[in-house]
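Chain and residue survey
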Amino acid sequence: MEKSLKKLQAVSDTPIADDITLHMFRHTYASDLYKSGIDIKQAQYHLGHDDVKTTLDTYTHFGYTDVQVDKLEDYCNAVKMQSNGKVIPLKHA
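Quick caveat: nothing in here was measured; it's all calculated off a predicted structure.

1. Quick look at the overall build of the protein chain
What the protein chain contains, in helices and strands, is 5 helices and 0 strands. Moving toward the C terminus, one meets the helices and strands of the protein chain in the order α-α-α-α-α. For the protein chain, the proportion of contacts with a sequence separation of at least 24, taken over those separated by at least 6, is 30%.

2. A short note on the confidence of the model for the protein chain
Counting all residues, the mean pLDDT for the protein chain is 75, and 67% of those residues have values of 70 or more. Averaged over each element, pLDDT in the protein chain is lowest for helix H5 (residues 69–82) (65) and highest for helix H3 (residues 40–47) (88).

3. What about the pattern of salt bridges?
For the structure shown, the criterion picks out 1 salt bridge. In this structure, Asp57 and Lys53 form a salt bridge, with 2.8 Å as the shortest nitrogen-oxygen distance. A residue pair is termed a helical-turn pair when its members lie 3 or 4 positions apart in one helix, as Asp57 and Lys53 do in helix H4 (residues 52–59) at 4 residues. We classify Lys53 as exposed; its relative accessible area is 52%.

4. Considerations on the environment of Leu56
Along the chain, the position of Leu56 falls in helix H4. Take Leu56: its relative accessible area is 36%, and that puts it in the partly exposed class. Between the alpha carbons of Leu56 and Ala43 there is a distance of 9.3 Å; along the sequence they are 13 residues apart. Sequence-distant contacts of Leu56, defined by excluding residues within four places in its chain, comprise Tyr34 and Ile40.

5. Brief notes about a nonpolar patch on the surface
The grouping of Leu8, Val11, Leu22 and Phe25 at the surface amounts to a nonpolar patch, some 350 Å² of accessible area in total. Every element with two or more residues in the nonpolar patch is listed here: helix H1 (3–11) and helix H2 (22–35).

6. Overview of the side chain of His49
Structurally, the position occupied by His49 is in the loop between H3 and H4. Polar side-chain contacts of His49 include one of 3.3 Å to the side chain of Arg26. A distance of 2.7 Å separates the side chain of His49 from the side chain of Thr55, its partner in a polar contact. Residues within four places of His49 in sequence aside, it is in contact with Arg26, Gln44, Thr54, Thr55 and Tyr59.

7. A few points about the side chain of Gln44
In this fold, Gln44 is placed in helix H3. Using a relative accessible area of 8% as the deciding quantity, one classes Gln44 as buried. Aside from chain neighbours lying at most four places away, what touches Gln44 is His49, Asp50, Asp51, Val52 and Thr55.

Rules used in this analysis
Residues numbered from 1 in each chain as written. Predicted model: local features only at pLDDT ≥ 70, side-chain atom pairs only at ≥ 80, totals over all residues. Heavy atoms only, no water. Helix = DSSP H or I, 4+ residues; strand = E, 2+ residues; numbered from the N terminus. Contact = heavy atoms within 4.5 Å. pLDDT = per-residue confidence, 0-100. Salt bridge = Lys/Arg side-chain N within 4 Å of Asp/Glu carboxyl O. Buried < 20%, exposed > 50% of the residue type's maximum accessible area, 1.4 Å probe, protein only. Patch = residues over 30% accessible without salt bridge, like charges linked within 9 Å, V, L, I, M, F, W, Y side chains within 5 Å. Areas by Shrake-Rupley, 256 points an atom, 1.4 Å probe, with all protein chains shown as cover. Polar contact = N/O pair within 3.5 Å; in protein donor to acceptor, adjacent residues only side chain to side chain.

Written out as structure tokens, the structure is:
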């Protein structure tokens, strides 16, 4: 166990498994920032990454249950209301 983890274990009531690293806490923090609704660019800044791709692809971890479908449904309903029910084609960049 790393020296820093030993210090953490000394003040924790819950045992920390031997295969846990401090870097895992960094990944958890990144995922929690994203799940809490923090803008990914702000998360990138907090984590000190040069590239937002690092924050998204390497540090944020979530599964199907973490995806908030209600936000997508709210967005789609808002778009539908703005378009009066008409299909609006997306413009390609």
